[in-house]
Every structure is written in C-alpha cells, then in structure tokens.
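What follows is the residue order along each chain.
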Amino acid sequence: MNRLHNMVRRNTTVPIKFYCITDNPEGLDEGINFRMLPDLGIKGWWYKLMLFKSELFDISGTTIFLDLDVVITANMDELFTYEPGTFRIIKDLKKGFNSSVFRLEIGSQTEVWERFWENKESIIERLHGDQDWIAEAIPQHMNEWPREWVISFKKQCNARAKRTWGAIGRILLKLDMFPTTKGYAQLPQGAKIVIFHGKPDPVDVMNGPWGVWKEAPWIREYWK
C-alpha cells in the first residue's frame, strides 16, 4: 500500500485524499487515511463492491479505486477530470470489465451494491468475481477511458515470448524448465497505468523474465 501511495503522489497534481480500507493498518505511511474493513461475511475482491454503497464511511466525491499491483507510469490527473461525473472502468481481456482501475462518484450506481447484497450468495456462486458482477449490473457502453491510458502488461506491452512451445511449454513451465525468455517488454507511449492480472506480478518481471513473460526493467523506475 505504501508503494501505491508513493506512485499516486508522484503522479498527481490535483488535490486528493488517499484512503486504504483494510483490516490491518499497521505500517501504513503518514498521509494514508485508513478505514477499518467491516466483516460482511464475504471474501477477497467482493469487498470492492462496497464502493457502490450509498455511503462509504466519510468518503465522498470523485473516487478512483486502484489494485495494489498496478504500476503508475505517468501523470494520472486526467483520470479524475475526464468526462467528469461519469463512471469509468477498463475492459477485460476478453469481455466485460476489469476492476483493477475504476472511477465513480461515491453514492452513484448504488444499485450495483444493493442488488449484489440482496442476492450475494447466488451471485458469488454464479460469477467468478466482482468485475463480472459490475459488467452485468452496469451497461457496457460509454464507460471506458481512452484505451491507451490504462493498459494490460500481458496484451499491450509486447511482453509474451514469441514461441511458447504449446503443450510442451506448459509442461516445462510446471517443471520450472522453460527456456529463458529473451527480449524486453515495452511500455507504450501514452500509458498512465499498467495493470497486472493473474501472474506475473510486477516484482516477477522487473529484474528478469518469468516463464513466457519478458523482463520489464522499466518497472523499477516507477514501482517504488
């Protein structure tokens, strides 16, 4: 959380307050406002849906949620000011949304939380995660930022090895015997935030390749 706070502070000039909703505030840097996570009987990423409640502690106004494993690579002021008052999110790799980075006005889109809370058992059983429910609950048009601002490491950084050896490669990966992946992942011009979904995490590739994924030494410059 401290690393994420540092990245946000370095890459914003608009006035902000940084909040961490957590069950363990120990070790948080000065300047991070923490609120204790309530026990709602749900787990993991489903807690993200709390941001759609009509009231969220004493937090109000334009709010951007960021996953802990994003890498902020440029000034992100425009994420606050683009199409003000609207809900914004990024597309997932195949369909629907990815909830690594999204923006909303606290107290808006409350039906996302209310409908989830009324039917949480069946929704959690039916869907993989929070972003699947957001995509189902919110119409999927006119909700995206410009696509070059928030990008996928896996899909938009030329990060995957050209040859992965198919089924044999998957076996070699499991045995930790995959040939060293050569080359470097590239940071596209105009990118403000790079998201990492699944593996690898930023730490896995900033000092060397990880399986079929290329080294991305530029992460060291930003992820601190």
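Residues numbered from 1 in each chain as written. Predicted model: local features only at pLDDT ≥ 70, side-chain atom pairs only at ≥ 80, totals over all residues. Heavy atoms only, no water.

Q: Quick question: what am I supposed to make of the overall build of the protein here?
A: Across its full length, the protein holds nine helices and eight strands. Taken over C-alpha atoms, the radius of gyration comes to 19 Å for the protein, in line with the 17 Å a tight globule of 224 residues would show. In terms of overall dimensions, the protein has a C-alpha envelope of 50 × 40 × 40 Å along the principal axes. Counting all 224 residues of the protein, 45% fall into the buried class. (Helix = DSSP H or I, 4+ residues; strand = E, 2+ residues; numbered from the N terminus. Rg over C-alpha atoms; globule rule 2.2 N^0.38 Å. Buried < 20%, exposed > 50% of the residue type's maximum accessible area, 1.4 Å probe, protein only.)

Q: What is the right way to read the environment of threonine 181 from this model?
A: Structurally, the position occupied by threonine 181 is in the loop between α7 (166-174) and β8 (193-195). The sequence separation of threonine 181 and lysine 162 amounts to 19 residues, and the corresponding C-alpha distance is 8.9 Å. The contact partners of threonine 181, leaving out residues within four places of it in the chain, are Ala161, Pro209, Gly211, Val212, Trp213 and Lys214. Among the polar contacts made by the side chain of threonine 181, one reaches the main-chain carbonyl oxygen of glycine 211 at a distance of 2.5 Å. (Contact = heavy atoms within 4.5 Å. Polar contact = N/O pair within 3.5 Å; in protein donor to acceptor, adjacent residues only side chain to side chain.)

Q: Just to check I follow, could you spell out the pattern of salt bridges for this structure?
A: Oppositely charged side chains are able to pair whenever their charged atoms sit close together. One pass over the structure, following the stated rule, counts nine salt bridges. One salt-bridge network, in which partners are shared between bridges, spans Lys199, Asp201 and Asp204. (Salt bridge = Lys/Arg side-chain N within 4 Å of Asp/Glu carboxyl O.)

Q: Looking at this structure, how should I read the packing of helix α3 (residues 110-118) against helix α5 (residues 130-137)?
A: To characterise two packed helices, one gives the angle between the axes of the helices and the distance between these axes. At a minimum axis separation of 10 Å, α3 and α5 run at an interaxial angle of 115°. Between α3 and α5 lies a crossing whose hand is right-handed. Note on element contacts: α5 touches α3 through Trp133, Ile134 and Ala137, opposite Val112, Arg115 and Phe116. Of the residues in the contact of α3 with α5, the class split is five nonpolar, no polar and one charged. (Axes fitted to C-alpha atoms, helices over the stretch in contact; angles between N-to-C directions. Left-handed = near helix turned anticlockwise from the far one by under 90°. Nonpolar A, V, L, I, M, F, W, Y, C, P; charged D, E, K, R; others polar.)

Q: What is the right way to look at α3 in this model?
A: Buried within α3 we find Thr110, Val112, Trp113 and Phe116. The buried side chains of α3 occupy one side of the element, clustering within an arc of 160° when seen end-on. (Arc of directions from axis to C-beta.)

Q: Teacher, can you tell me more about the nonpolar core here?
A: The tendency in soluble globular proteins is for nonpolar side chains to be buried side by side. One finds Leu66, Val101 and Phe153 to be the most contacted residues of the largest nonpolar core, which totals 39 residues. Looking at this core, the elements that each hand over two or more residues are α1 (2-10), β1 (18-22), β3 (62-66), β4 (71-72), α2 (77-81), β7 (150-152), β8 and α9 (219-222). For valine 101, the residues in contact, after removing those within four places along its chain, are Ile64, Phe65, Leu66, Val70, Leu79, Ile89, Ile90, Trp145, Val150, Ile193 and Ile195. Ranked by size, the runner-up nonpolar core spans 26 residues in total, among them Phe52, Phe65, Phe87 and Phe97. (Core = buried A, V, L, I, M, F, W, Y, C linked by side-chain atoms within 4.5 Å.)

Q: What am I meant to see in the sheet that holds β7 here?
A: Within a beta sheet, neighbouring strands are joined by backbone hydrogen bonds and run either parallel or antiparallel to one another. Across the sheet, three strands lie side by side as β4-β8-β7; this open sheet has mixed pairing. In the strand order of this sheet, the two ends are held by β4 and β7, each with one partner. As paired strands, β4 and β8 are joined by two bridges and run antiparallel to one another. From the neighbouring strand, isoleucine 72 faces β8, where its bridge partner is isoleucine 193. (Pairing = 2+ DSSP bridges.)

Q: Can you help me understand α1 in this one?
A: Owing to its 3.6 residues per turn, the α-helix aligns residues three or four sequence positions apart on the same side. Looking at α1, one finds that the buried residues are Leu4, His5, Met7 and Val8. The buried residues of α1 occupy an angular sector of 165° when projected down its axis, which confines them to one face. Residues of α1 that are buried make contact with β1, β2 (32-36), β3, β4 and α9.

Q: Sorry, what's going on with the pairing of β1 here?
A: Successive residues of a regular strand alternate their side chains across the two faces of the sheet. Residues Phe18, Cys20 and Thr22 point to one face of β1 and are all buried, whereas Tyr19 and Ile21, pointing to the other face, are not buried. Relative to β2, β1 runs parallel, the two sharing five bridges. Its bridge partner lying in β2, tyrosine 19 is registered against asparagine 33.

Q: Can you help me understand the side chain of threonine 22 in this one?
A: Structurally, the position occupied by threonine 22 is in strand β1. Note on threonine 22: relative accessible area 12%, which makes it buried. Of note is the side chain of threonine 22, whose polar atom sits 2.9 Å from the backbone nitrogen of asparagine 24. Among residues more than four places away in sequence, those in contact with threonine 22 are Leu28, Phe34, Arg35, Met36 and Leu37.

Q: Is there a simple way to think about unusual backbone geometry in this case?
A: Note: most peptide bonds trans; most residues except glycine with negative phi. The residue after lysine 199, namely proline 200, is reached through a cis peptide bond having omega 10°. For glutamine 109, which is not a glycine, the phi torsion comes out positive at approximately 55°. Tracing the backbone through its elements, the reader meets glutamine 109 in the loop between β6 (97-105) and α3. Looking at glutamine 109, the relative accessible area reads 25%, which means it is partly exposed.

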